[in-house]
Amino acid sequence: MEEATRLIAVRHGETAWNVGTRIQGQLDIGLNAIGEWQARRVGQALADEAIDVIYASDLARAWNTALEIARPLGLQVRPEPRLRERAFGCFEGMSFAEIEQNLPDQARLWRERDPAFTPEGGESLLVFRDRITAVAAELAARHPGELVVLVAHGGVMDVLYRAATRQGLQAPRTWMLGNASINRLLWTPEGLILVGWSDTTHLNDALNDDATV
């Protein structure tokens, strides 16, 4: 029987657009000062883990978070563009309020989590889910018995949680998707299993001399 692959999935640190409720999608928005601090903290929290490999979305906010995890371990980060956030097309760069005001019909479909709804130039939830579950399975299958870190985005974390708990795309979200949270799963050829979710204990300390904000 093939050995399970242990996965640690980490959402990137905070960005100014997270704070401003602005849709980033696949736009390359960097970390803000708090996000940089969060990335260092998650790197410190995982420094004693026997991590074998780190894959990350190539968007800067995830990539730079991954670099902070890799640094104390002496590992290289492997870029994986398929771990990018959902492509939101015409929504990208708009705030939630602007989408509601300017595109009310599309906003309703988005709010209702219509699986087939595709913002112009973007991806539907169905296409996004299939992309993420496929790449997670492919990467995990490469490393049986190993510990693999995936650094990506909130939407990616949501897909992984739903896959591990066998919840549909339209199920109301009752779980956290915190910036720089540590999420643990097991992968076998039968699918994902949830081990632990949204560990943010490494972020409990207030910002200290480690960061200038």
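Everything that follows concerns the structure shown earlier in this document.
Keep in mind the model is a prediction, meaning the values are calculated, not measured.

Rules used throughout
Residues numbered from 1 in each chain as written. Predicted model: local features only at pLDDT ≥ 70, side-chain atom pairs only at ≥ 80, totals over all residues. Heavy atoms only, no water. Helix = DSSP H or I, 4+ residues; strand = E, 2+ residues; numbered from the N terminus. Polar contact = N/O pair within 3.5 Å; in protein donor to acceptor, adjacent residues only side chain to side chain. Contact = heavy atoms within 4.5 Å. Pairing = 2+ DSSP bridges. Axes fitted to C-alpha atoms, helices over the stretch in contact; angles between N-to-C directions. Parallel < 35°, antiparallel > 145°, perpendicular 65-115°, else oblique. Salt bridge = Lys/Arg side-chain N within 4 Å of Asp/Glu carboxyl O. Buried < 20%, exposed > 50% of the residue type's maximum accessible area, 1.4 Å probe, protein only.

### Points about the side chain of R131
Assignment of secondary structure puts R131 in helix α6 (residues 125–141). Within the structure, the side chain of R131 is placed 2.9 Å from the backbone oxygen of R84, a separation counted as a polar contact. Leaving out residues up to four positions away in the same chain, R131 has contacts with Q26, P81, R82, L83, R84, E85, R86, A87 and E123.

### What to know about the sheet that holds strand β4 (residues 147–152)
The strand order across the open sheet built from six strands is β3-β2-β4-β1-β5-β6, with neighbouring strands paired in mixed fashion. What marks the edges here is a single partner per strand, and that holds for β3 (77–79) and β6 (191–199). Here the strands of the sheet are splayed against their neighbours by 25 degrees on average, with no regard to which way each runs. Pairing of strand β2 (residues 53–56) with β4 involves four bridges; the strand directions are parallel.

### Topic: the packing of α6 against helix α7 (residues 154–165)
Where α6 meets α7, the closest approach of the two axes is 10 Å, and the angle between their N-to-C directions is 75 degrees. On the basis of their axis angle, the class for α6 and α7 is roughly perpendicular. Counted together, F128, R129, I132, T133 and A136 of α6 and G155, V156, V159, L160 and A163 of α7 form the full contact between these two elements.

### Considering the pattern of salt bridges
One pass over the structure, following the stated rule, counts 14 salt bridges. The closest approach of N and O atoms between E68 and R71, which form a salt bridge, is 2.8 Å. Residues R82 and E138 are paired through a salt bridge, measuring 2.9 Å at the closest nitrogen-oxygen approach. Of this pair, R82 sits in the loop between β3 and α4 (96–102) while E138 sits in helix α6, placing them 56 residues apart in sequence. A residue is classified by how much of its surface remains accessible, and R82, at 30% relative accessible area, is partly exposed.

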